[in-house]
Amino acid sequence: MKKKKRGKKKKQGGWREKLRFYLVTIAWTFPCAFVFYHICKLAECTLAPFYPEVWWGIIIASVLVVLISAWWTSDLSGDFRELIGELLALAGMGFIAGLIINILWQGVFLGLNYYFPRSATYQKTAVVYNKRIHHYQRSSSLYGIGLRCDDGSSFYWNSGYSDYEKFRRGDTCSVTMYEGLFGFEVIQDVKVINKAKILPPDDLPDWMKNMLHFKKVNGASE
């Protein structure tokens, strides 16, 4: 009877450990998702160049550090098959560590540039010269609006879908910006001050595009 009671206690302890693990995982998931979402929003409104070689350099360095540290501490297996598996697992750990480091340093960099401006806000007059959609995942898209300012500079403002639908080619906009801590400009607000009188063909609704195409085909056949 005593052995059965001990077995029940062990089962209860294992269930509690699993529940604690799931709760801790959920508690960490929400803050990490919020931080990642905030970093993405900072990247959308900051006119800072992206250097893929820096990202890949940090990832490769992380993988090498993990592999060298494992070799230095002699934690690798002597069997060839087990060694290959361990090296792949360590390389995966280094890759994930590199991604985390990249996200953290980019978040700190963009956050400092955003929250500590070194200039007052100013406005530029710009014209929408292009619109593009970049599908980088099956369920995610990046909506870019090309703006050409009156001083000759041009850039893409990565907006959301609602803002993407509001703007069209030829619209004149007022862009409110400021210079961040590291000298990169931050877009604070974009407003349309003058709508384009003639709607460009690419910005027409789908039903209107189909109607114009139908008229064009029928006119050519006649």
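Residues numbered from 1 in each chain as written. Predicted model: local features only at pLDDT ≥ 70, side-chain atom pairs only at ≥ 80, totals over all residues. Heavy atoms only, no water.

*Asks:* When you look at the overall build of the chain in this model, what are you seeing that I'm missing?
*Replies:* The helix and strand tally for the chain stands at five helices and five strands. Within the chain, buried positions represent 24% of all 222 residues. When contacts within the chain are restricted to residue pairs at least 6 apart in sequence, those whose partners lie at least 24 apart make up 60%. Within the structure as shown, the chain displays about 16400 Å² of accessible surface, and the carbon and sulfur contribution to it stands at 64%. (Helix = DSSP H or I, 4+ residues; strand = E, 2+ residues; numbered from the N terminus. Buried < 20%, exposed > 50% of the residue type's maximum accessible area, 1.4 Å probe, protein only. Contact = heavy atoms within 4.5 Å. Areas by Shrake-Rupley, 256 points an atom, 1.4 Å probe, with all protein chains shown as cover.)

*Asks:* I would appreciate a short explanation of the environment of Thr-172 in the present structure.
*Replies:* Position of Thr-172 among the secondary structure elements: in strand E4 (residues 172-179). According to the relative accessible area criterion, Thr-172 is buried, its value standing at 19%. A C-alpha to C-alpha distance of 7.4 Å links Thr-172 and Ala-196, two positions 24 residues apart in sequence. Residues in contact with Thr-172, not counting those within four places in the same chain, are Thr-125, Ala-126, Val-127, Lys-191, Val-192, Ile-193 and Asn-194.

*Asks:* Which parts of the structure should I look at to understand the pairing of strand E1 (residues 122-135)?
*Replies:* Remember that side chains alternate between the two faces of the sheet whenever the strand is regular. Bridge count between E1 and E4: six bridges; the pairing is antiparallel. Residue Tyr-122 lies in a different strand from E4, and its bridge partner there is Met-177. When E1 meets strand E2 (residues 141-149), the two strands line up antiparallel, connected through nine bridges. By the bridge assignment for E2, Val-127 is matched with Arg-148. (Pairing = 2+ DSSP bridges.)

*Asks:* Would you mind showing me how to read a nonpolar patch on the surface here?
*Replies:* A surface patch of nonpolar side chains, amounting to about 1200 Å² of accessible area, comprises Trp-56, Ile-60, Leu-64, Ile-68, Trp-71, Trp-72, Phe-95, Ile-96, Leu-99, Ile-100 and Leu-104. Put simply, the parts of the chain that give the nonpolar patch at least two residues each are helix H2 (52-72) and helix H3 (80-115). Top element by residues in the nonpolar patch is H2. It accounts for six residues. By the element assignment, Leu-64 lies in helix H2. For Leu-64, a relative accessible area of 45% puts it in the partly exposed group. (Patch = residues over 30% accessible without salt bridge, like charges linked within 9 Å, V, L, I, M, F, W, Y side chains within 5 Å. Salt bridge = Lys/Arg side-chain N within 4 Å of Asp/Glu carboxyl O.)

*Asks:* Before we go on, may I ask you to explain the packing of aromatic side chains in this structure?
*Replies:* Aromatic ring pairs: the centre-centre distance and the angle between the two ring planes describe each pair. Applying the stated criterion across every chain yields a total of ten aromatic pairs. With a centroid separation of 4.9 Å and 80 degrees between ring planes, the pair formed by Tyr-114 and Tyr-115 is classed as edge-to-face. Pairing Trp-157 with Phe-167 gives two aromatic rings, centres 5.7 Å apart and planes at 85 degrees, and the pair type is edge-to-face. Of this pair, Trp-157 sits in strand E3 (residues 154-159) while Phe-167 sits in the loop between helix H4 (161-166) and E4; the two residues are ten residues apart in sequence, bridging distant segments of the chain. Residue Phe-167 is classed as buried on the basis of its relative accessible area, which comes to 4%. Within the aromatic cluster, the residues linked to one another by ring pairs are Trp-105, Phe-109, Phe-182 and Phe-184. (Phe/Tyr/Trp six-rings, centres within 6.5 Å; stacked < 30°, edge-to-face > 60°.)

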